[in-house]
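A look at the structure
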Amino acid sequence: MVTAAAGLTAPASSPEIRAQAQTTITPGQSTDIGVAYNLTGAVDQSDLVVSVVDPATGGTLVSNSSSPPLVDSTTMSITDGTLNTGAKRLIATTYNSSSMEGLVSQTFVVDSGGNVTIESYSVSETAVDAGETFWVNATLNNTGGVSEDFDARVYGEQGNSTPMNSTTETLLGGASTTVNISVAYGASAAGTTRQLTLNNETTTSVQVNSSGGGGSGSSSPSVTVSDQSTTAGSTVDVTVQYNVTGSVTKDNANLTLRGPNGVIDHNNSLSTLDGSATFTLPAKTAAGDFRVRAAVIDDSMQWASLNPVAKDRFSVNVTNDVTLESYTVDDDPLFKGRSYPVNVTLNNTGGTAQNYTVHVYPQAGGYEALNSSTFEVQPNSERTVSVMVSYSSSYTSGSYQLSAGNETPVTVSVEDLATVQGWSVVSGPTNTTVVESSVAPPSGQGGLLQFDLNDYQKTWSQNLSGTGLTNESRVKVTLHVNHSYEPGVLIATAQNVSMNVTNKSSYYEVNVTANPIESQYTSNATGVSDWETLPSNEDKATAAFKPMFSLAFVSNDSVQTFNPNMSGLVVATDAQAFTPPRYNDTAGQLEVEVAGPHKTITGDNNTGRFEATLPSALLNQWGVSSPSDLSADYEGENKSVNAQSNSDGSIDVGFDIHYSAGQVNLAPDSGSDSESGDSPSSSGSSPSSGSSPSSSTSDDGDDDDDDDDADTTTTTSDETDDTSSTTEVDASTSVSGAETATASTTDEETTVTLTNASPDETVSIDLDRLNDASNVSSNETTTNGTTTNESATNETSANATTTNTTEDASNDTRPSVSQLDLNLSSEAPEMGVSVSSADEAPDGTPEFTGTESDDGESSSEVVGYLQIDLSGTTDDDIEDATITFTVPSKRLEQSGTDPSDVTLSRYHDGEWQTLETTHLGGDRYAAVTPGFSVFAISAQSADAGDETTTESSEDAAEQTETTTSSDATTATETQQPTTAASTTQSDAPGFGVTVALAALALVAARVWRD
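I will try to describe carefully the structure that is included in this document. These numbers were taken from a predicted model, which means no experiment stands behind them. (Residues numbered from 1 in each chain as written. Predicted model: local features only at pLDDT ≥ 70, side-chain atom pairs only at ≥ 80, totals over all residues. Heavy atoms only, no water.)

Structural notes on the overall build of the protein chain
The condition is simple: In this text, helices come from DSSP runs of H or I with a minimum length of four residues, and strands from runs of E with a minimum of two, each type numbered from the N-terminal end. Here the term buried applies to any residue with accessible area under 20% of the maximum for its type, exposed to any over 50%, and partly exposed to those in between, with areas from a 1.4 Å probe on protein chains only. Any two residues whose heavy atoms approach within 4.5 Å are treated as being in contact. Under the convention used here, a 1.4 Å probe and the Shrake-Rupley method define accessible areas, while residue burial counts only the protein chains that appear.
Counting its regular elements, the protein chain contains 8 helices and 67 strands. Across the 1010 residues that make up the protein chain, the buried fraction comes to 56%. In the protein chain, the share of contacts with a sequence separation of at least 24, taken over all contacts with a separation of at least 6, comes to 73%. Of the roughly 36,600 Å² that the protein chain leaves accessible, carbon and sulfur atoms contribute 41%.

Structural data, given as structure tokens:
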């Protein structure tokens, strides 16, 4: 029942709120809270919510969301049994339910009316160091005749609403007990006097000394920190001793803690180069061992995080009633890029269900986990679970000491999924300089296996210009691929491709023979869709790759999920961007969208080539028995196809095309019998873009100047639907710190919905893994490879010039969010997080202009914008958050910017606020933010450097990142399995020529995405 609040009148001004307890917490009775407020003009009445919350638990005690008046004085009643006895601090708060923005709030005290009283309390130390643990001791007495639950809460300062620590005691009638509560002040309290109290007792003054003392006493450079232990639900203060005198300047020194999920905390304002600093690690709701690296990094260095000045590792043991009894790894060897289960047995000896987080580490001493998963274990029971792990290509082949938490490690053998047995020029011009081959495994179940020829002397190593190789060079490549990955569809940036896959006793032998191909490239566009709005004066090449040679294989498992008759397909084009081949069930045709600059780098019209080998199974589905039964069109124009039959029943097709953009359709000729009985019973593919092609800013094939070319844009209704489709996925494997998680993805935005997000554990959202999961869920696409027996030789001679693709590659220069880590101050029963990226600031947000240089010009260049929005909670409920984001190196190369100059800024309170930004290596960066809104990624304009930085093998393995030279930067991370989806596009031939080679596997893993 809501009544007028006795003794409280509504404030005269808005927004304002007042609150006070009108009754005590008494067993058997409700607790009445008086709340008076004025929110005139601050919120619509229909959106107003008035609540009373307990900040210690994060729970809402009572709430009114039924359009309460904008000016009111009410009494809100908390149901009997909701609160234990014991005086405590609560918060009356108001917020806007539409925007989820907090309005005004006030902390107040409600006294205890039960029979348990605090007879006395004392503090073990009244002068402590920051980070030092001391004790609050209290005697409790139950003067009544019945049992009573009593909360004892220690508050570190007057006005603090959240206790430092607390305990709940059950006292029988007439009983008394002594409680001892451990507490510690963090580094922010150093040098101050705090007024500590227990519940609402008289305060005690505690002097908090400055940390650091007289120095670490260790030699320079060094970092030293001890292992820690705490209970689930409790924070832990960690003191780090360091001495980096003479190794880094104080302005550039940054003491950083990194754990399994990235940056935990950092201090870049060290008062001395020889001393100590204390960090408070957030409480974990789940038990488990995890490792942390404490390191001083030099912020002025490139790849600073990968090359710390000094470092140490320590373990944190979080305990509850669940323990890890045993674990096993049944597979050996483990092949790079493949996922394997680590089987773990957990035992709960307690009387309630409790959680345990299993962190699986790749090697002894590594602090970043291969994977982490949290499991609930029922009371007095055991549970056996599996954590899927994968070693990426950044790990060298050999033996590793894998471990679950800090358990005794097991030795595993890590081997290459595929090896290059050799490549050679079998005819035509040979290379006259060093050309090296590389093979990158997929980044999960369903990713692409990639092979490249590279000239590592170039920034874009896949550009083979000047190596002696030409389009006339006939190159043969032989790969051995483990049986866990059967190569299927081949996408090749090459010409005249033939592929043969032979099933050997212990591996697949893959032989590909092809010619390199030249391709034109423009930095003014990336994906196919960019050409729809590209001005004619920008639709011209800014670079030429003369030539390049790249192969990408899709696993046969992926094809079987969609249209298995596409297995054995080879597709190629010299376009700068293209969508992966997809099968349109409605139109009964194979479709590929392609795009490239209209003019070459020399100003001529840009003509190209499209080639494919169509497997016999697909031809049988179409009822095609000869090349004359096939038809092809490009931009709605019938093409004269050069076609020939092969001995295995496949057919090679090829024809010239011209750019800007258009769609290639391959289908049975309308006069032939199509879609015969060999069609799969359920292909799983859905209509993509319909039978009509789309075209934009395309030329008519003549040699007229740009002004004479007609720019047209045609989009079918099917294409529009395809572009705006939404994919719904279970995001539980991509999110930790919440009970459940689901996600929806579109081309423009990813939205994650969480339930019961915990304040006691970092809520981590892996956007990279989530996007890969959405690919698995997508029901469009496909392609895959040809397998023959030992005696078979499926030597198809397909003309195949391909450019690889992915949405990553399609937006190769657009930054994106990789991961979000949120530390909540209270539980969020339901919370939504929406993430998007754009090249321009959203409507209503001013463009970021950065700082001015001495000449009055802006010294910053905007690289891109990110928008992160919350629902179900507000920034007030977030203690802090870490945004891990990527900026493709190509984007920085375009402006000659060093990665260390990249900065993230947040638009808040009407201004752009610069956030401390850390370069994590490769294309990855991280910044800590107090809240969410619109963010601008900017970079100081500067000449790109040629500095070479190589990480130690230990750190490279720890962080699953590898850094080579600035001319061939590599950054590969373990990803979850993905399969094919459709309509993604490459930014440049070969999955984006500017992308570092080992990173291509990561890019390629996302190639099948809408």
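Describing the packing of aromatic side chains
Selection rule: Stacked, edge-to-face and tilted labels apply to pairs of Phe, Tyr and Trp rings (six-membered ring for Trp) whose centres lie within 6.5 Å, assigned for plane angles under 30 degrees, over 60, and everything in between, in that order. Either the NZ atom of lysine or the CZ atom of arginine qualifies as a charge over a ring when it sits within 6 Å of the ring centre and within 35 degrees of the ring normal.
Following the criterion strictly, the structure yields 13 aromatic pairs and no others. With a centroid separation of 5.8 Å and 65° between ring planes, the pair formed by Y521 and F545 is classed as edge-to-face. Within this pair, whereas Y521 is found in strand β39 (residues 517-521), its partner F545 is found in strand β40 (residues 543-548), the two being separated by 24 residues in sequence. Residue classification places Y521 among the buried positions, given a relative accessible area of 1%. On the accessibility criterion, F545 (1% relative accessible area) is buried. Centroid distance F848 to W912: 5.5 Å. Interplanar angle 90°. Geometry classified as edge-to-face. Taken as a pair, F848 in the loop between β60 (828-838) and β61 (860-871) and W912 in strand β64 (residues 911-915) lie far apart in primary sequence, 64 residues in all. Residue F848 is classed as buried on the basis of its relative accessible area of 12%. A connected cluster of aromatic rings, assembled from ring pairs, spans F848, Y865, Y907 and W912. Its end group placed over the ring of F290, K284 keeps NZ or CZ at 5.1 Å from the ring centre.

Quick notes on the sheet that holds strand β50 (residues 651-658)
For clarity, the threshold we go by: Paired strands, as defined in this entry, are two strands with at least two bridges between them according to DSSP. Axes here mean lines fitted to C-alpha atoms, for a helix over just the part in contact, with angles spanning 0 to 180 degrees between N-to-C directions.
Read across the sheet, 8 strands follow the order β33-β34-β41-β36-β42-β46-β50-β49 without closing on themselves; strand pairing throughout is mixed. Bordering the open sheet on either side are β33 (436-440) and β49 (642-645), each of which pairs with just one other strand. Mean inter-strand twist for the sheet, computed between neighbouring axes without regard to direction, equals 15°. Sheet topology note: the strand β36 (residues 487-493)/strand β41 (residues 550-555) ladder contains 5 bridges and is antiparallel. By the bridge assignment, L490 is partnered in β41 with F553.

Some details on the pattern of salt bridges
A side chain with one charge can pair with a side chain of the opposite charge if their charged atoms come near. In plain terms, the rule: For salt bridges, the criterion is a side-chain nitrogen of Lys or Arg within 4 Å of an Asp or Glu carboxyl oxygen.
This model, assessed by the stated rule, comprises 11 salt bridges. Between E593 and R582 there is a salt bridge, with its nearest N and O atoms 2.8 Å apart. Taken together, the residues E593 in strand β45 (residues 589-595) and R582 in strand β44 (residues 582-584) connect sequence positions 11 residues apart. Comparing E593 with R582 shows no difference in burial state: the two are buried. Residues participating in the shared-partner salt-bridge network are D54, K88, D151 and R153.

What about the sheet that holds strand β38 (residues 508-515)?
The 4 strands lie next to each other as β32-β35-β38-β37, forming an open sheet whose pairing is antiparallel. Pairing within the sheet leaves two strands with one partner each, and these edge strands are β32 (418-427) and β37 (495-503). Here the strands of the sheet are splayed against their neighbours by 15° on average, with no regard to which way each runs.

Observations concerning the nonpolar core
The test is simple: Nonpolar core, defined: a set of buried Ala, Val, Leu, Ile, Met, Phe, Trp, Tyr and Cys residues in which side-chain atoms within 4.5 Å join the residues together. By convention here, the domain bounds are inherited from an automatic or database domain assignment.
Counting 56 residues, the largest nonpolar core has L346 and F549 as its most contacted members. Both domain 4 (320-415) and domain 5 (491-667) contribute no fewer than three residues apiece to this core. In this structure, L346 is in contact with V322, T323, L324, Y356, V358, F375, V377, S381, E382, R383 and V385, ignoring residues within four places of it in sequence. Within the second largest apolar cluster, 37 residues are counted, among which are V763, L767, A881 and Y925.

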